[in-house]
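Report on the structure
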Amino acid sequence: MSVTVRVPAKVNVQLAVGGARPDGFHDLANVFLAVGLYDEVTVTPADSLRVTCEGPDASQVPLDRTNLAARAVEKLAARYGRRADVHIHIAKDIPVAGGMAGGSADGAGALLACDALWGTGASRDELLDICAELGSDVPFGLVGGAALGTGRGEKLRVLEVGGTFHWVFAVADGGLSTPAVYGEFDRLHAGVDVPEPVASGVLLGALAAGDSAGLAGALSNDLQAAALSLRPSLASTLAAGGSAGALGALVSGSGPTTAFLVPDEAVAGEVADALVASGTCRAARVAVGPVPGAVVV
Ligand code: ATP
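As a starting point, this report considers the structure included with it. These numbers come from a predicted model, not from an experiment.

Turning our eyes to something else, we now look at the overall build of the protein chain. A tally of regular secondary structure across the protein chain gives 10 helices and 12 strands. For 297 residues, the compact-globule formula gives about 19 Å, and the C-alpha radius of gyration of the protein chain, at 19 Å, lands near that figure. Dimensions of the protein chain, computed from the C-alpha atoms along their principal axes, are close to 55 × 45 × 35 Å. Residue burial in the protein chain is summarised as follows: out of 297 residues, 53% are buried. Excluding contacts between residues fewer than 6 apart, the proportion of contacts in the protein chain whose partners are at least 24 apart in sequence is 76%. When the accessible surface of the protein chain is totalled, it reaches about 11700 Å², and 53% of it is carbon and sulfur. Between the mean site of the 19 positive side-chain charges and the mean site of the 31 negative ones, the protein chain shows a separation of 6 Å.

A few words on the site of the ligand. For the ligand, the set of nearby residues contains 22 residues, the closest of which are A97, G99, G103, D137 and T178. Within the side chain of N67, one N or O atom sits 3.0 Å away from a nitrogen atom of the ligand. Here L68 contributes a backbone N or O atom positioned 3.0 Å from a nitrogen atom of the ligand. In isolation the ligand has 610 Å² of accessible area, and contact with the protein removes 79% of it. Counting residues per element, the shell around the ligand draws most heavily on helix 2 (residues 102-118), at 4 residues. Residues belonging to the shell around the ligand are distributed by class as follows: 9 nonpolar, 9 polar and 4 charged.

With that settled, the discussion passes to the sheet that holds strand 10 (residues 258-262). Pairing within the open sheet is antiparallel, and its 4 strands lie in the order 9-10-7-11. The open sheet is flanked by strand 9 (248-251) and strand 11 (283-289), the only strands paired with a single partner. On average, each strand axis in the sheet is inclined to that of its neighbour by 25°, with strand direction left out of account. Note: strand 9 against strand 10, 4 bridges, orientation antiparallel. Within strand 10, the position partnered with V251 by the bridge is T258.

Quick notes on the rules
Residues numbered from 1 in each chain as written. Predicted model: local features only at pLDDT ≥ 70, side-chain atom pairs only at ≥ 80, totals over all residues. Heavy atoms only, no water. Helix = DSSP H or I, 4+ residues; strand = E, 2+ residues; numbered from the N terminus. Rg over C-alpha atoms; globule rule 2.2 N^0.38 Å. Buried < 20%, exposed > 50% of the residue type's maximum accessible area, 1.4 Å probe, protein only. Contact = heavy atoms within 4.5 Å. Areas by Shrake-Rupley, 256 points an atom, 1.4 Å probe, with all protein chains shown as cover. Lys, Arg positive; Asp, Glu negative; His and termini not counted. Charge placed at Lys NZ, Arg CZ, Asp CG, Glu CD. Near = heavy atom within 4 Å. Polar contact = N/O pair within 3.5 Å; in protein donor to acceptor, adjacent residues only side chain to side chain. Nonpolar A, V, L, I, M, F, W, Y, C, P; charged D, E, K, R; others polar. Pairing = 2+ DSSP bridges. Axes fitted to C-alpha atoms, helices over the stretch in contact; angles between N-to-C directions.

Right, dumping it as structure tokens:
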């Protein structure tokens, strides 16, 4: 018997970053939107814990105990006093190290899959606690939809969304390390008094109203300058999507994926074609959001 969970990627429509705290983390106001690019995580009883992965970026995914899916399963097993004896297979469609929380999605997906396989009876809050221990972006993989993350980003408040937003994602060659991007953020802000991160009322209003043009005008990512500093070529990708008809554009999370908000499906296709033709990205993917979080399929 196996259990498969489908879990979406995310884009941060706002990522407000505070100054470095004494513990090295940053306080965030992080508005997550789950978008329809998915990994599928399948767990099957086995003699011992094993991870396999398929997909275009599979060679970049660690198959040892550092894989977030393996760590999630080990945490759940420890909590319920059982062995983590499953084969975890990840069918990976979310770009790796792309700022779309693919590893976090797999952590949430594996947790939900094993919870169903083992019938632990864990409450939703218990699962969310384990997610938060795994990483700041993991709880959102379970919750999906749209949410405001505060603290390190792991304290979630579900947000109402009044419509469907159309996106194009330009997948870059190679990844960017999230710690390296935060390091560059700190370097760029050395000696600067960084303000407290707050969610934008205009942005939350546009989400609630399903207003694409309003959301496009309010998109913001405080990590964008750091990602562009480490990967200057992303400026050409942003420009290419902008001139092809996107309403707004930003670097997704810590990058290097760039995200383009478009008015409808037809323009999404045009912007995707133009991005590929521009030669400034490896691939372009079309997706809508919000979509639900991790679900057993
Ligand atoms: P975020 O948006 O949360 O910063 P990301 O999308 O930039 O994350 P991930 O795809 O989550 O990046 O991968 C970041 C790193 O995490 C990878 O380079 C890899 O070493 C490690 N990793 C651990 N588990 C996984 C997994 N299941 N899938 C992909 N990467 C994983």
